[in-house]
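Inside the fold
Residue-level listing of the chains:
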Amino acid sequence: MARTLSMMAAINEALDQEMSRDPTVVVLGEDIVGGTGSPGEDDAWGGAMGVTKGLIHKHPGQLIDTPLSESAYIGAAIGAATCGLRPVAELMFVDFMGVCLDQIFNQAAKFRYMFGGKAETPVVIRTTCGAGFRAAAQHSQMLTPVFTHIPGLKVVCPSNAYDTKGLLIQSIRDNDPVIFLEHKNLYDHETDVPEESYAIPFGEANIAREGTDVTIVTYGMMVPYSLEASETLKGEGIDVEVIDLRTLSPIDLDTVFESVEMTGRLVCVDEANPRCSIASDVAAAVAQEAFGSLKGPVAMVTAPHAPVPFSSALEDLYIPSPERIADSVRRTMGAHPS
Amino acid sequence: MNNPFPLSRDGLLTAYRRMKTIREFEERLHVEFAKGDIAGFVHLYAGEEAAGVGIMMHLEDHDRIASTHRGHGHCIAKGVDVRAMMAEIYGKATGACAGKGGSMHIADLSKGMMGANGILGAGAPLICGAGLAAQKLGHDGVGITFFGDGASNQGTVLESMNLAAIWNLPVIFVVENNGYAESTSVDYAVATDSYVDRAAGFGMPGITVDGTDFFAVYEAAGEVIRRAREGGGPSLLECKMIRFYGHFEGDAQTYRAPGEIEENRAHRDCLKIFTGKILEAGVVESGELARIDSEVVGLIDDALESAQAAPLPSAAELTTDVYVTY
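Keep in mind that this is a model prediction, so the values were computed, not measured.

**As for the sheet that holds strand S14 (residues 299-302) of chain A**
Paired through their backbone hydrogen bonds, the strands of a sheet run either parallel or antiparallel. All names here are of chain A. Taken together, 5 strands build an open sheet; the order of strands is S9-S11-S10-S13-S14 and the sheet is mixed. Every interior strand has two partners, whereas the edge strands, strand S9 (206-209) and S14, have only one. Between one strand axis and the next, the sheet turns by 25 degrees as a mean value, whatever way the strands run. As paired strands, strand S13 (residues 266-270) and S14 are joined by 4 bridges and run parallel to one another. Note on S14: the bridge partner recorded for Cys268 is Met300. Helix-sheet contacts for helix H12 (residues 322-332) involve strand S10 (214-218), strand S11 (240-244), S13 and S14, and the interaxial angle to S14 is about 170 degrees.

Here it is, written out as structure tokens:
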């Protein structure tokens, strides 16, 4: 029986099911319960976005509100992961990573290698990402490339509620540190989501739309935008294949190569800034491994090399739009932009 | 025979053996480093042994420690295999971390040693995690994070003290105050005359001890560790100690006063102070200590020779153990 759920509800359900399955799963973060120690209601917030609302009543003792001390509590989650817990830490915005990044990239990411393969750090750091909320430069970034650059981290950025549930469950069961990026603008996005627990393996891209003329490789919020562009292009006789990477480290390049070998054309769409981005990474990989299949230059549609602006007039220009994506595909097909 | 000490004769001999092992390990590294056979950064714990051992004598394997860049002494005191440590410092395949960590990253989680750490103050958040895990898993393990007077100013340490206090974690913050943050004096860099005051700012007990006095460290550590084990929450322990060598091997130490090191070696050597006390009390005999000395020298000789002879990691190891699965 099909049942739809928003991405936010899918995250809540994944956490709920995993905490029930495994008592060593603990969820911690700022205001994830909300109101701790305050005179009013318990469970006042359920996280800044309300994602964890209601869980404290089902799993008392497994959710912990933290002070505003990102270095301390992200580090504590990492330390606890080496001592028998499977913590899921929530960082309100990926932009706050700067505050606690040492614990992630010098500690969690390196323990296994640096200690000669003897450490396991099963920690998940959930955080929100992406622009479109008029939240300006310090609350809107798409920092996925920062994390994919770091060996030892796994990086997940789902595009829909179904994948979110399965990928979050996989993240919690995984024995490596996982950065799990949730796009704010997708929280209310609904898809069919089975009630039962299921895990989606890492490193398996999803072909979100099959097509034969051009390949779009993307992830996160840019998946629905690319699908929208593809519908427009369909009316113009251009048949687009859209690959949703789902996990950025590991990354499923085989699916990308196979598609490019068929279409001969590649457009990389990334909400991140363009330099050393997921888009440039995929473009470089295709240039190295599938150059002979290309019928023309690889295109990239990304944010500009600029911080996220506040004003709606500017932010709307900053985020790659379905129109820009469609234009890029048209150029790749040899047509002039509309 | 009357034993005026808080440890049994065997306990005293164990403590002596650990301190002597650290001293010998570090003195030999100092010599070998000068020959140019050891690569990278090496920070020696010689002179500071009484602090590490005085604390670690209270710990079991399920108790966790998060160490510093100056971690050899903590490793040995916590029971990490000396041969594996030496091989690691030589970058060999037989090393504690298969040659991938080196001096600044020696770890042995099976011994509760969560790693030396090249990032100052980084152990404090991690040890809060160890304390949280002990609390949630319902065992009586404690976590000890070591940091120097230099790293005591890191935000991570101060944030972690607050976190440990509000969660009542079984965690001890140990300031190893040797007076120098690299070359910079504690008098210049730390804006308080007493770390006890800093502890009070986070609502936790703080104790300052003479870190060259093993028994002072042992008793103070026993008190704060017992409190943590019994659910009484975190504490801070400051050990005032002496660094015999530079910040790192190769440090010319021109920032120290003329004669300072010689004076400290003559009058503030924690190992000499310890042996003086136990011999004077007549609890152990000098022959027993000489036997331990000889065994320790044999152990370090063996560790050194086997490390030098051990194979280097194979090229295939370059990209192994980045992930559990990938």
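**Things to note about the domain arrangement of chain A**
Residues and elements named next belong to chain A. By domain assignment, chain A separates into domain 1 (4-192) and domain 2 (206-335). For domain 1 versus domain 2, the distance between C-alpha centres works out to 27 Å. With 26 residues of domain 1 in contact, the opposing surface of domain 2 contributes 24 residues. For the pairing of domain 1 and domain 2, the buried interface totals around 2000 Å² over both sides, and the portion due to carbon and sulfur atoms is 60%. Where domain 1 packs against domain 2, one counts 3 salt bridges. The closest approach of N and O atoms between Arg246 and Asp163, which form a salt bridge, is 3.1 Å. Joining domain 1 to domain 2, the criterion identifies 13 residue pairs in polar contact (both at pLDDT 80 or more). Residue assignment for the side of domain 1 that touches domain 2 shows that the elements contributing at least two residues are helix H6 (144-148), strand S6 (154-156) and helix H7 (161-173). Split by residue class, the side of domain 1 that touches domain 2 holds 13 nonpolar, 10 polar and 3 charged.

**Thoughts on empty space enclosed by the protein**
By the definition in use, this model includes 4 cavities of 30 Å³ or more. Taken as a whole, the largest cavity encloses approximately 80 Å³ of empty space. B:Ser67, B:Thr68, B:Ile119, B:Gly121 and B:Phe146 are, among the 15 residues lining the largest cavity, the residues nearest its centre. Those elements that place two or more of their residues in the lining of the largest cavity are helix H5 (123-137) and strand S2 (143-148) of chain B. Sort the elements by how many residues they give to the lining of the largest cavity and S2(B) lands first, with 4 residues. Classifying every residue of the lining of the largest cavity gives 7 nonpolar, 8 polar and no charged. The leading source of residues in the lining of the second largest cavity is strand S5 (residues 124-129) of chain A, at 3 residues.

**A look at the interface of chain B and chain A**
Each partner contributes residues to the interface: chain B has 39 residues there, and chain A has 46 residues. Both faces combined, the contact of chain B with chain A buries some 3300 Å², and carbon together with sulfur accounts for 65% of it. In this assembly, chain B and chain A are joined by 1 salt bridge. Linking chain B to chain A there are 17 residue pairs in polar contact (both at pLDDT 80 or more). Contributing elements (two or more residues each) for the side of chain B that touches chain A: H5 and helix H6 (155-166) of chain B. When residues of the side of chain B that touches chain A are assigned to their parent elements, the largest contribution, 9 residues, is made by H5(B). Residues of the side of chain B that touches chain A, tallied by class, amount to 23 nonpolar, 10 polar and 6 charged.

**Some details on the pairing of strand S7 (residues 178-183) of chain A**
In the case of a regular strand, side chains alternate between the two sheet surfaces. Residues and elements named next belong to chain A. Within S7, 6 of the 6 residues are buried, which leaves it mostly tucked inside the rest of the structure. Side chains of S7 alternate between two faces, with Val178, Phe180 and Glu182 and Ile179, Leu181 and His183 buried alike. Looking at chain direction, S5 and S7 are connected through 6 bridges and run parallel. Within the sheet, the bridge partner assigned to Ile125 lies in S7 and is Ile179. Judged from the 3 bridges that link them, S6 and S7 form a sheet pairing that is parallel. Paired with Val156 across the strands is Phe180, a residue of S7. Once you follow S6 into H7 and on to S7, the crossover reads as right-handed.

**What to know about the confidence of the model for chain B**
Where the model shows low pLDDT, its predicted coordinates should not be examined in detail. In this model, chain B carries an average pLDDT of 97, and 100% of its residues clear a pLDDT of 70 or more. Of the two predicted TM-score estimates for the complex, the pTM is 0.96 and the ipTM is 0.96.

**Quick look at unusual backbone geometry**
Residue and element names in this part refer to chain A. The peptide bond linking Ser249 to Pro250 adopts the cis configuration, its omega dihedral lying at 0 degrees. With respect to the helices and strands, Pro250 occurs in the loop between strand S12 (247-249) and helix H9 (253-263). Not every positive phi belongs to a glycine, and Ala136 is a case in point at roughly 70 degrees. Inspection of the secondary structure puts Ala136 in the loop between S5 and H6. Relative accessible area serves as the criterion here: at 22%, Ala136 is assigned to the partly exposed category. The phi dihedral of Arg246 falls on the positive side, at around 65 degrees, and the residue is not glycine. Mapped onto the secondary structure, Arg246 falls in the loop between S11 and S12.

**Looking at the environment of B:Ser67**
All names here are of chain B. The topology assignment puts Ser67 in the loop between strand S1 (64-66) and helix H3 (72-78). The spacing of Ser67 and Ile89 is 22 residues in sequence and 16 Å in space, taken between C-alpha atoms. Those residues in contact with Ser67, other than ones at most four positions away along the chain, are His74, Met113, Gly115, Ala116, Asn117 and Phe146. Side-chain polar atoms of Ser67 contact the side chain of His74, separated by 2.7 Å.

Rules behind the numbers
Residues numbered from 1 in each chain as written. Chains lettered and ligands numbered in written order. Predicted model: local features only at pLDDT ≥ 70, side-chain atom pairs only at ≥ 80, totals over all residues. Heavy atoms only, no water. Pairing = 2+ DSSP bridges. Helix = DSSP H or I, 4+ residues; strand = E, 2+ residues; numbered from the N terminus. Axes fitted to C-alpha atoms, helices over the stretch in contact; angles between N-to-C directions. Contact = heavy atoms within 4.5 Å. Domains from an automatic or database assignment. Buried area = accessible area lost by both parts, 1.4 Å probe. Salt bridge = Lys/Arg side-chain N within 4 Å of Asp/Glu carboxyl O. Polar contact = N/O pair within 3.5 Å; in protein donor to acceptor, adjacent residues only side chain to side chain. Nonpolar A, V, L, I, M, F, W, Y, C, P; charged D, E, K, R; others polar. 1 Å grid on protein atoms, 1.4 Å probe; cavity = no way out; pocket = protein on both sides within 12 Å on 5 of 7 lines; lining within 4 Å. Points joined across faces, edges and corners; volume = space filled by probe spheres on them. Buried < 20%, exposed > 50% of the residue type's maximum accessible area, 1.4 Å probe, protein only. Right-handed = clockwise from strand over helix to strand, strands pointing away. pLDDT = per-residue confidence, 0-100.

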